[in-house]
Amino acid sequence: MIDFGQLVQMAQMVKEKAYAPYSGFRVGAALLGKSGMIYTGCNIENAAYPVTNCAERTALFKAVSEGEQEFLALAVVSDSADYVSPCGVCRQALAEFCGTDFQILMCRSNGDYKIMTLGELLPESFGF
Ligand SMILES: O=c1ccn([C@H]2C[C@H](O)[C@@H](CO)O2)c(=O)[nH]1
Ligand SMILES: [Zn+2]
């Protein structure tokens, strides 16, 4: 059984580390590996805007660089009262390592969330 509450809480905590002086939009993500390890990430912006890294990819790249390549679930949270969902670039980055059943918890700032699978968020993803 996945502890979704813990995943959301860790995403909320790492959101505090976000570097977002340009958009002011802070995001935190927590990625659960099949090993049971949880990898966190925040968004990191840059004066050259496209250089910005989203919270989801920060968490994913940290995980892969630590040796984990298989994942179960990801929680994403911002300061918004609305649910936050991963951008298209992050969906494709996740699709490299995660199957269609991978669970994505899109959270409100208060911790409420809705879950969709990667297959639902990125149908017919590119791969070769
Ligand atoms: O799911 C999302 C959506 C946006 N951002 C970041 C990128 C940028 O720093 C800021 C505004 O787009 O939010 C994320 O980290 N994850
Ligand atoms: Zn993204």
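Refer to the structure printed above.
These numbers were taken from a predicted model, which means no experiment stands behind them.

A. Summary view of the coordination of the zinc ion (ligand 2). Those donors, Cys54 (SG), Cys87 (SG) and Cys90 (SG), are the protein atoms that reach the zinc ion (ligand 2), and they lie 2.2 to 2.4 Å from it. If you list the donors of the zinc ion (ligand 2) from N- to C-terminus, the spacing comes out as C-x32-C-x2-C. Taken as a pair, Cys54 in the loop between strand S2 (38-42) and helix H2 (55-65) and Cys90 in helix H3 (residues 88-95) lie far apart in primary sequence, 36 residues in all. One exposure class covers both Cys54 and Cys90, and it is buried.

B. View of the nonpolar core. If you look at the biggest cluster of nonpolar residues, it comprises 20 residues, and the most contacted ones within it are Leu31, Phe71, Leu74, Leu94, Phe102 and Ile104. Those elements that provide at least two residues to this core are strand S1 (27-33), H2, strand S3 (71-78), H3, strand S4 (103-107) and helix H4 (118-121). If we skip the residues at most four places from it in the chain, Leu74 touches Leu7, Ala29, Ala30, Leu31, Glu56, Leu94, Phe102, Gln103, Ile104 and Leu105. Counting 12 residues, the second-largest nonpolar core is a separate cluster that includes Phe4, Ala75, Val77 and Cys107.

C. Looking closely at the environment of Gln92. Relative to the assigned elements, Gln92 resides in helix H3. Separated by 48 residues in sequence, Gln92 and Ile44 place their C-alpha atoms 19 Å apart. Look past the residues within four positions of Gln92 in its chain and what remains in contact with it is Leu122, Ser125 and Phe126.

What counts and how
Residues numbered from 1 in each chain as written. Chains lettered and ligands numbered in written order. Predicted model: local features only at pLDDT ≥ 70, side-chain atom pairs only at ≥ 80, totals over all residues. Heavy atoms only, no water. Donors = N, O, S within 2.8 Å, 3.2 Å for Na, K, Ca; no water. Helix = DSSP H or I, 4+ residues; strand = E, 2+ residues; numbered from the N terminus. Buried < 20%, exposed > 50% of the residue type's maximum accessible area, 1.4 Å probe, protein only. Core = buried A, V, L, I, M, F, W, Y, C linked by side-chain atoms within 4.5 Å. Contact = heavy atoms within 4.5 Å.

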